[in-house]
Amino acid sequence: ENDGGKPAWATGGRNSRTPLGSSGTSISLLSSRPRRTYGLKSDPLSHVAYLFSALVHDVDHTGISNRQLVLEMDDLALLYNDQSVAEQRSLAVAFTTLKQAGYTELRDMLFRSEGVGGVGGREEYFKFRKIVIDLVLATDIASPERAQLVKSKWKEAFGDMIVAEKAEKLKNKTNAVNSSTSRGSR
């Protein structure tokens, strides 16, 4: 630890574990850049859905690839129509477990019923469920259809913005090079 009570790697000190070495440059680069959160920062239910997805994405996984399960005509492949078999199984186990009586308090806390007849809770549940399903199914990297869907959703959410950011960075670099070139030719 350093004098401030933080580990050396957290301050970019000697023998730091920062990607750019011991200069601390990476820390200052990360902290000076404004972070976009796309509305996720203020959505705790989504945060829980991400965590839940990470925890359950391989629940009850047999260690056998989806392709092999289909080729062997496994009962799970038949049950899930040869589509993302292991992922579908994980989702079924996860949501069946969450539905059990022992998780009533958790469900009540996550899916508060604020509307008439518990409509608010139902909407929150379906939002949570959609996020978890989308994330877990996205882990089926062997499915070309799923991979294309994920790519198109990524492009829809971030594509134009990323292209604009790259164009802006290229413009700034070009301006900097042109500026230094014109100063050097004087």
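For the structure itself, consult the block above.
Just so you know, these numbers come straight off a predicted model, no measurement behind them. (Residues numbered from 1 in each chain as written. Predicted model: local features only at pLDDT ≥ 70, side-chain atom pairs only at ≥ 80, totals over all residues. Heavy atoms only, no water.)

Before going further, it helps to spend a moment on the overall build of the protein chain. Each helix and strand counted, the protein chain has nine helices and zero strands in total. Secondary structure of the protein chain in N-to-C order comes out as α-α-α-α-α-α-α-α-α. A total of 186 residues make up the protein chain; the buried ones form 23% of that total. Sequence-distant contacts in the protein chain: of pairs separated by 6 or more residues, those separated by 24 or more amount to 47%. A total of about 13,800 Å² of accessible surface is found on the protein chain, and carbon and sulfur atoms cover 57% of it. (Helix = DSSP H or I, 4+ residues; strand = E, 2+ residues; numbered from the N terminus. Buried < 20%, exposed > 50% of the residue type's maximum accessible area, 1.4 Å probe, protein only. Contact = heavy atoms within 4.5 Å. Areas by Shrake-Rupley, 256 points an atom, 1.4 Å probe, with all protein chains shown as cover.)

Within the structure shown, the criterion is met by seven aromatic pairs. For the ring pair Phe111 and Tyr125, a centre distance of 5.3 Å and an interplane angle of 90 degrees mean the geometry is edge-to-face. Taken together, the positions of Phe111 in the loop between helix H7 (104-110) and helix H8 (119-137) and Tyr125 in helix H8 put the pair 14 residues apart, joining distant regions of the chain. Overall, Tyr125 belongs to the partly exposed group, its relative accessible area being 25%. What links up through ring pairs into an aromatic cluster is the set Phe52, Phe95, Phe111, Tyr125, Phe126 and Phe128. One residue, Arg129, lies across the ring of Phe95, its end atom 4.7 Å from the ring centre. (Phe/Tyr/Trp six-rings, centres within 6.5 Å; stacked < 30°, edge-to-face > 60°. Lys NZ or Arg CZ within 6 Å of the ring centre and 35° of its normal.)

This part covers helix H6 (residues 85-98). Because the α-helix completes a turn every 3.6 residues, residues three or four places apart line up on one side. With 14 residues, H6 should cover 20 Å at 1.5 Å per step; its first-to-last C-alpha distance of 20 Å lies within 8% of that length. Taken residue by residue, H6 has Val85, Ala86, Glu87, Ser90, Leu91, Val93, Ala94, Phe95 and Leu98 as its buried positions. (Expected span 1.5 Å × (residues − 1).)

A word on the nonpolar core. With 15 residues, the main nonpolar core has Phe52, Leu91, Phe95, Leu98, Phe111, Phe128 and Val132 as its most contacted residues. Counting residues per element, this core draws most heavily on H8, which supplies five residues. With near-sequence residues (within four places) excluded, Val132 lies in contact with Ala49, Phe52, Ser53, Leu91 and Phe95. Residues Leu69, Leu76, Ala77 and Val85 belong to the second largest nonpolar core, which totals five residues. (Core = buried A, V, L, I, M, F, W, Y, C linked by side-chain atoms within 4.5 Å.)

Following the criterion strictly, the structure yields three salt bridges and no others. Residue Asp134 is joined to Lys130 by a salt bridge in which the shortest nitrogen-to-oxygen separation is 2.8 Å. Placement of the pair is Asp134 and Lys130 together in helix H8, with a separation of four residues, close to one helical turn. Classification of Asp134 by relative accessible area gives partly exposed; the value is 32%. Residue Lys130 is classed as partly exposed on the basis of its relative accessible area of 48%. (Salt bridge = Lys/Arg side-chain N within 4 Å of Asp/Glu carboxyl O.)

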